[in-house]
Amino acid sequence: MHATAFIIGPTTGAGAALADIARTLKFAAVLPYAGIEAAENQAHHTPVCYFLFAPVVQIASLSEIAEAIRFCPSRRVRFSPMIYFSDKTSAETISACINLGFDDIITMPFTQQRVSERIGRQVGPSLTYFETSSYFGPDRRDRVTAPNRPAESRLGGQFRRLEIVRNFETGVNVLRDDSYAVL
């Protein structure tokens, strides 16, 4: 696969296991996350970069990295798939990941087939992204776990709706970019 997997997590334990999974999926490169600048540089070599997050005790501890990715000026990084690998299934974990703009949350068991299918969904089909002043990620306003603040729902505020397609040759293509102001 002509893509890079950045592993966010420790180099041992869960992070090492996640790196092993990424290697079995034949990513062109599997690298530890070393900051936004390194991701921007890598995106010139492999236009699609996945950010794979190992489980943590507090999802909030990932907010700085998630925001750096989602609000990066580089389109290839900003629209990159962010996937959290959760060692437990809870509404709180899923809601926190959604609110940080994650594209997917994969829960155990982390079988090669299951992970491959979920990762594969991120490239090829048209995806809708949603942007407000404090959120950028997949459009999930219709989900139960979505935020209830007016600016981040269809209840009011300004937002952008973007339709994108990712592919391994050119990275991210924006098909539509519409701005809205709902009062």
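J.: Please provide a residue-by-residue account of the overall build of the protein, values included.
T.: The helix and strand tally for the protein stands at 6 helices and 9 strands. Its C-alpha atoms give the protein a radius of gyration of 16 Å, within 12% of the compact-globule value 16 Å for 183 residues. Taking the principal axes of its C-alpha atoms as reference, the protein extends roughly 50 × 35 × 30 Å. Summarising the internal contacts of the protein: among those between residues at least 6 apart in sequence, 61% fall at separations of at least 24. Summing over all exposed atoms, the protein offers an accessible surface of approximately 9100 Å²; the carbon and sulfur share of this is 53%. Distance between charge centres in the protein, computed from 19 positive and 18 negative side chains, equals 4 Å.

J.: So what's going on with helix α6 (residues 112–120)? Residues and values would help.
T.: Residues of α6 that are buried: Val-115, Arg-118 and Ile-119. Buried residues along α6 cover an arc of 100 degrees about the axis, so they all sit on one side. The elements touched by buried residues of α6 are α1 (14–24), β3 (48–53), β4 (82–86) and β5 (104–107).

J.: Describe the sheet that holds strand β6 (residues 126–131), and please don't skip the residues or the numbers.
T.: Spatially, the 4 strands line up as an open sheet ordered β7-β6-β8-β9, and their pairing is antiparallel. With partners counted over all chains shown, the strands left at the sheet margins are β7 (136–138) and β9 (171–182), one partner each. Averaged over all adjacent pairs, the angle separating strand axes in this sheet is 25 degrees, with direction ignored. Relative to strand β8 (residues 157–167), β6 runs antiparallel, the two being bridged by 6 bridges.

J.: I'd like a description of the side chain of Arg-118, backed by residues and values.
T.: With respect to the helices and strands, Arg-118 occurs in helix α6. Taking relative accessible area as the criterion, Arg-118 reaches 14% and is therefore assigned buried.

J.: Which residues make up the nonpolar core, and what values do they have?
T.: Judged by nonpolar contacts, the single largest core of 22 residues is most densely connected at Phe-51, Phe-53, Ile-69, Val-77, Met-82, Tyr-84 and Phe-102. Of all the secondary-structure elements, those providing two or more residues to this core are β1 (3–8), α2 (36–43), β3, α3 (63–70), β4 and α5 (91–99). Setting aside residues no more than four positions away along its own chain, Phe-102 makes contact with Phe-53, Leu-62, Ala-66, Met-82, Ile-83, Tyr-84, Cys-97, Pro-138 and Arg-140. Counting residues in hydrophobic clusters, the runner-up holds 20 residues, among them Leu-18, Leu-25, Phe-27 and Val-115.

J.: With reference to specific residues and values, describe α5.
T.: Owing to its 3.6 residues per turn, the α-helix aligns residues three or four sequence positions apart on the same side. Along α5, the residues that are buried comprise Thr-93, Ser-95, Cys-97 and Ile-98. Buried residues along α5 sit against β4 and β5. The first or second residue beyond α5 is Gly-101, which carries a positive phi of 90 degrees.

What counts, and where the lines are drawn
- Residues numbered from 1 in each chain as written.
- Predicted model: local features only at pLDDT ≥ 70, side-chain atom pairs only at ≥ 80, totals over all residues.
- Heavy atoms only, no water.
- Helix = DSSP H or I, 4+ residues; strand = E, 2+ residues; numbered from the N terminus.
- Rg over C-alpha atoms; globule rule 2.2 N^0.38 Å.
- Contact = heavy atoms within 4.5 Å.
- Areas by Shrake-Rupley, 256 points an atom, 1.4 Å probe, with all protein chains shown as cover.
- Lys, Arg positive; Asp, Glu negative; His and termini not counted.
- Charge placed at Lys NZ, Arg CZ, Asp CG, Glu CD.
- Buried < 20%, exposed > 50% of the residue type's maximum accessible area, 1.4 Å probe, protein only.
- Arc of directions from axis to C-beta.
- Pairing = 2+ DSSP bridges.
- Axes fitted to C-alpha atoms, helices over the stretch in contact; angles between N-to-C directions.
- Core = buried A, V, L, I, M, F, W, Y, C linked by side-chain atoms within 4.5 Å.

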